[in-house]
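Residues per chain are reported as follows:
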Amino acid sequence: MANDSISSAASRGALGWFADTRTMVPLALFALYIIWGSTYLGIRFALESYPPFLLAGLRFLIAGLLLLGVLRLRGVAMPTRRQWRNAAVTGVLLLGFGNGLVCFAEQHVSSGIAAVAVACVPLFIALFAGMYGEWPSKMEVIGLVIGFVGVVVLNLGGSLSGSPLGALTLIIAAICWAFGSAWSRKQDMPAGPMNTTAQMLCASLALLLTGFLAGEKFPNHPTLPATLALAYLVVFGSIVAFSAYLYVLRHARPAIASSYAYVNPPVAVIFGALLASESVHALDLLGMAVILVGVGLMTLFRQRAAAGR
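Source: prediction; values computed, not measured.

Peer 1: Report on the overall build of the protein, specifying residues and quantitative values.
Peer 2: When helices and strands are counted, the protein shows 13 helices and zero strands. Order of helices (α) and strands (β) in the protein, N terminus to C terminus: α-α-α-α-α-α-α-α-α-α-α-α-α. A total of 309 residues make up the protein; the buried ones form 54% of that total. For the protein, the share of sequence-separated contacts (at least 6 apart) that also reach a separation of at least 24 residues comes to 92%. Looking at the protein as shown, the accessible area adds up to about 13,300 Å², and 70% of this sits on carbon and sulfur atoms.

In structure tokens form, the structure reads like this:
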């Protein structure tokens, strides 16, 4: 695991100026649950004008440059060469493959099914974290299993459909995101919000290059809804929520940090129903309830474990 000085520096980051992690971890998780649950629909709207890889690359380039400007004005030091390398590897795994492939997949599947497929992230994270000696506890395993059952029930609701290509792409995205999350916990990463910034900038270059090599082009006349969706993804989906995710990843167990993947599907379904007139069935509601039970068990165990330390 990263040494104590790195962890201490990270705690002073985007959300880290609040010393009490018992308060900040739940707040950061709430941001992940709601904001990232809504970004699947945001991506769908943005794809009406912007091609997938250029959309993701532009999103993270703008967000990264904005964060870098603020941090440099505040006198925050630039990452070391080793930290840039680690941020590049993690950023490409999480944002390049993880988010870029989700954007690509949403050309073939609905925003709801994309969120459901990505819900397998906690299982992959538990596997990869176990390779580094952080196997989930019995209570966390129970929560993971219940959450996954809820995802299966949600998928049976009838309102979610996809394609083999989209499903395969989403599974690859989930694996890359999970491995990057587990791997980064053991590395010397930039401190606090500079970690977010470095990962976004590195991933944006990889995504833009991929888009141009794939023959993608920026739209000459993007629609207003697509541009507003892009702005939402930049500010909330990238700067706010990704900073929250890196905070939780540093200050909570892997199973807790990845619990957002179980809550995002019902949130995505709800936003789809409210803003895109997508239908919600009885099994959808049942699946959402089961998912919340699984996440609740993991969160309860985390709070008890923290109180016992």
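Peer 1: Kindly report on the packing of aromatic side chains, identifying the contributing residues and their values.
Peer 2: In the structure shown here, the tally under the stated rule is 12 aromatic pairs. Aromatic side chains Trp36 and Phe242 sit 6.5 Å apart centroid to centroid with 45 degrees between the ring planes, which places their arrangement in the tilted category. In this pair, Trp36 sits in helix α2 (residues 21–46) while Phe242 sits in helix α10 (residues 224–251), placing the two residues 206 residues apart along the sequence. Neither Trp36 nor Phe242 differs from the other in exposure class; each is buried. Where Trp177 meets Phe242, the ring centres are 6.3 Å apart and the plane angle is 70 degrees; that geometry is what we call edge-to-face. Taken together, the residues Trp177 in helix α8 (residues 164–184) and Phe242 in helix α10 connect sequence positions 65 residues apart. Both residues of the pair, Trp177 and Phe242, belong to the buried class.

Peer 1: Tell me about helix α4 (residues 81–105), residues and numbers included.
Peer 2: The end-to-end C-alpha distance of α4 is 34 Å, a good match for the 36 Å that 25 residues give at a rise of 1.5 Å each. In the structure, α4 departs most strongly from a straight axis at Val92, where the bend amounts to approximately 35 degrees.

Peer 1: Give a description of the packing of helix α3 (residues 52–73) against α4 that names residues and reports values.
Peer 2: At a minimum axis separation of 8 Å, α3 and α4 run at an interaxial angle of 135 degrees. When the interaxial angle is binned, α3 and α4 end up oblique. Once α3 is placed against α4, the crossing between them reads as right-handed. Seen from α3, the contacting residues are Pro52, Phe53, Leu55, Ala56, Arg59 and Phe60; seen from α4, they are Leu95, Asn99, Gly100, Leu101, Cys103 and Phe104. Split into classes, the residues belonging to the contact of α3 with α4 amount to nine nonpolar, two polar and one charged.

Peer 1: Break down empty space enclosed by the protein for me, citing the residues and quoting the values.
Peer 2: Remark: the empty space left among the atoms is shown by a probe the size of a water molecule rolled over them. A complete count under the given rule lists four cavities of 30 Å³ or more for this structure. Within this model, the largest cavity holds a volume of roughly 240 Å³. The wall of the largest cavity is formed by 19 residues, among which Trp36, Tyr40, Asn99, Val102 and Trp177 lie closest to the centre. Looking at the lining of the largest cavity, the elements that each hand over two or more residues are α2, α3, α4, α8, α10 and α12 (260–276). In the lining of the largest cavity, the residues fall into 13 nonpolar, five polar and one charged.

Peer 1: Now, about the nonpolar core: what can you tell me, with residues and values included?
Peer 2: One finds Leu32, Trp177, Phe242, Tyr245 and Tyr260 to be the most contacted residues of the largest nonpolar core, which totals 80 residues. With 14 residues, the single largest contributor to this core is α10. In this structure Leu32 touches Gly37, Ala241, Ala244, Tyr245, Val248, Tyr260 and Asn264, once residues within four positions along its chain are discounted.

Peer 1: For the environment of Met139, give the residues involved together with the corresponding values.
Peer 2: Examined against the element boundaries, Met139 turns out to sit in helix α7 (residues 138–155). Looking at Met139, the relative accessible area reads 33%, which means it is partly exposed. Here the alpha-carbon distance between Met139 and Met298, two residues 159 residues apart in the chain, equals 6.7 Å.

Peer 1: Quick one: what's the story with a nonpolar patch on the surface, residue by residue and with numbers?
Peer 2: A surface patch of nonpolar side chains, about 210 Å² in accessible area, is lined by Leu123, Phe148 and Val152. Looking at where Val152 falls in the secondary structure, it is placed in helix α7. On the accessibility criterion, Val152 (39% relative accessible area) is partly exposed.

Peer 1: Could you give an account of the environment of Ala174, with specific residues and numbers?
Peer 2: Locating Ala174 in the fold gives a position in helix α8. Here the alpha-carbon distance between Ala174 and Phe97, two residues 77 residues apart in the chain, equals 8.6 Å.

Peer 1: Please give an account of the packing of α4 against helix α9 (residues 193–213) that cites residues and values.
Peer 2: Orientation of α4 relative to α9, taken along the N-to-C sense of each, is 60 degrees, at an axis distance of 7 Å. Relative to α9, the element α4 is oriented oblique. For the element pair α4 and α9, the recorded crossing hand is right-handed. Contacts between α4 and α9 pair Trp84, Ala87, Ala88, Thr90, Gly91, Val92, Leu94, Leu95, Gly96 and Gly100 from the former with Ala198, Gln199, Met200, Leu201, Cys202, Ala203, Ala206 and Leu207 from the latter.

Cut-offs applied
Residues numbered from 1 in each chain as written. Predicted model: local features only at pLDDT ≥ 70, side-chain atom pairs only at ≥ 80, totals over all residues. Heavy atoms only, no water. Helix = DSSP H or I, 4+ residues; strand = E, 2+ residues; numbered from the N terminus. Buried < 20%, exposed > 50% of the residue type's maximum accessible area, 1.4 Å probe, protein only. Contact = heavy atoms within 4.5 Å. Areas by Shrake-Rupley, 256 points an atom, 1.4 Å probe, with all protein chains shown as cover. Phe/Tyr/Trp six-rings, centres within 6.5 Å; stacked < 30°, edge-to-face > 60°. Expected span 1.5 Å × (residues − 1). Bend = angle between axes of the 7 residues up to and from the residue. Axes fitted to C-alpha atoms, helices over the stretch in contact; angles between N-to-C directions. Parallel < 35°, antiparallel > 145°, perpendicular 65-115°, else oblique. Left-handed = near helix turned anticlockwise from the far one by under 90°. Nonpolar A, V, L, I, M, F, W, Y, C, P; charged D, E, K, R; others polar. 1 Å grid on protein atoms, 1.4 Å probe; cavity = no way out; pocket = protein on both sides within 12 Å on 5 of 7 lines; lining within 4 Å. Points joined across faces, edges and corners; volume = space filled by probe spheres on them. Core = buried A, V, L, I, M, F, W, Y, C linked by side-chain atoms within 4.5 Å. Patch = residues over 30% accessible without salt bridge, like charges linked within 9 Å, V, L, I, M, F, W, Y side chains within 5 Å. Salt bridge = Lys/Arg side-chain N within 4 Å of Asp/Glu carboxyl O.

None of the figures reported here should be taken as evidence of function without further support.
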